[in-house]
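Here are the chains, one letter per residue:
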Amino acid sequence: MDTLGLILAVVVTPADVQDPDGAKLVFDAIRGRFSRLKLVWADGIYERIVGWVAAWRAARPIRLEIVKRTEPGFKVLPRRWVVERTFAWLGRCRRLSKDYEGTAASSEAFVKLAMIHLMARRLVRRLGT
């Protein structure tokens, strides 16, 4: 997702796929798109794919920056709230509040549909119509 919390790519995987492995699928999904994308922020769990991203980005200058915790306990970390807010927006869609879908493709489609709905509402508000 971008810095506004709008989704750039969606990849739905089975529950047995670890997050860093799923992130590789997301990077493959954005390959050749978003020419202005230069930086990706990620949790500490994604530290193990920093080398993979460095090799992957040989053709494109995308940098994976890990946002690390500085102290124990709850603390709002830079940019992480954008991800959580987007998940909250998606959770407001009744179809996405539970895992109702039978296939990964239909789950991806409903995430995209929810984001289209969100962006269309924002455009209508901004245009004042």
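Heads up: the structure comes first, above all this text.
Residues numbered from 1 in each chain as written. Predicted model: local features only at pLDDT ≥ 70, side-chain atom pairs only at ≥ 80, totals over all residues. Heavy atoms only, no water.

What to know about the nonpolar core
Grouped together as the largest cluster of nonpolar side chains are 13 residues, with contacts concentrated most on Phe 27, Val 40, Tyr 46, Ile 49, Ile 62 and Leu 64. Elements represented by at least two residues in this core include exactly helix H1 (19–30), strand E1 (39–42), helix H2 (50–56) and strand E2 (63–66). Core analysis: the second largest hydrophobic core is formed by eight residues, Leu 6, Trp 89, Leu 90 and Val 111 among them. (Core = buried A, V, L, I, M, F, W, Y, C linked by side-chain atoms within 4.5 Å. Buried < 20%, exposed > 50% of the residue type's maximum accessible area, 1.4 Å probe, protein only. Helix = DSSP H or I, 4+ residues; strand = E, 2+ residues; numbered from the N terminus.)

Let's talk about the pairing of E2
Covered by surrounding structure in E2 are Leu 64 and Ile 66 only, the residues Arg 63 and Glu 65 on the alternate face being uncovered. When E1 meets E2, the two strands line up parallel, connected through four bridges. Residue pairing across strands places Leu 39 opposite Arg 63, the latter belonging to E2. (Pairing = 2+ DSSP bridges.)

What to know about a nonpolar patch on the surface
Residues Phe 74, Val 76 and Trp 81 make up a contiguous nonpolar surface patch of about 400 Å² in total accessible area. Structurally, Val 76 is set in the loop between E2 and helix H3 (80–91). A relative accessible area of 55% places Val 76 in the exposed class. (Patch = residues over 30% accessible without salt bridge, like charges linked within 9 Å, V, L, I, M, F, W, Y side chains within 5 Å. Areas by Shrake-Rupley, 256 points an atom, 1.4 Å probe, with all protein chains shown as cover. Salt bridge = Lys/Arg side-chain N within 4 Å of Asp/Glu carboxyl O.)

Examining the environment of Ala 104
With respect to the helices, strands and loops of the structure, Ala 104 is situated in helix H4 (residues 104–127). On the basis of relative accessible area, Ala 104 is assigned to the partly exposed category, the value being 32%. For the pair formed by Ala 104 and Pro 14, sequence separation is 90 residues and the distance between their alpha carbons is 7.8 Å.

Here we look at H1
In an α-helix, one full turn covers 3.6 residues, which means residues spaced three or four apart are oriented alike. Between its first and last C-alpha, H1 extends 17 Å over twelve residues, near the 16 Å set by a 1.5 Å rise per residue. Those residues of H1 lying buried are Pro 20, Gly 22, Ala 23, Phe 27 and Ile 30. Here the buried residues of H1 occupy an arc of 150° about the axis, which is enough to place them on one side. Here the buried face of H1 lies against E1, H2 and E2. Positioned one or two residues after H1, Gly 32 has a phi angle of 80°, which is positive. (Expected span 1.5 Å × (residues − 1). Arc of directions from axis to C-beta. Contact = heavy atoms within 4.5 Å.)

Regarding the packing of aromatic side chains
Applying the stated criterion across every chain, the model contains one aromatic pair. Between Phe 27 and Trp 52, the aromatic rings sit 6.0 Å apart at their centres with planes inclined by 70°, giving edge-to-face as the arrangement. Of this pair, Phe 27 sits in helix H1 while Trp 52 sits in helix H2; the two residues are 25 residues apart in sequence, bridging distant segments of the chain. For Phe 27, a relative accessible area of 6% corresponds to the buried category. (Phe/Tyr/Trp six-rings, centres within 6.5 Å; stacked < 30°, edge-to-face > 60°.)

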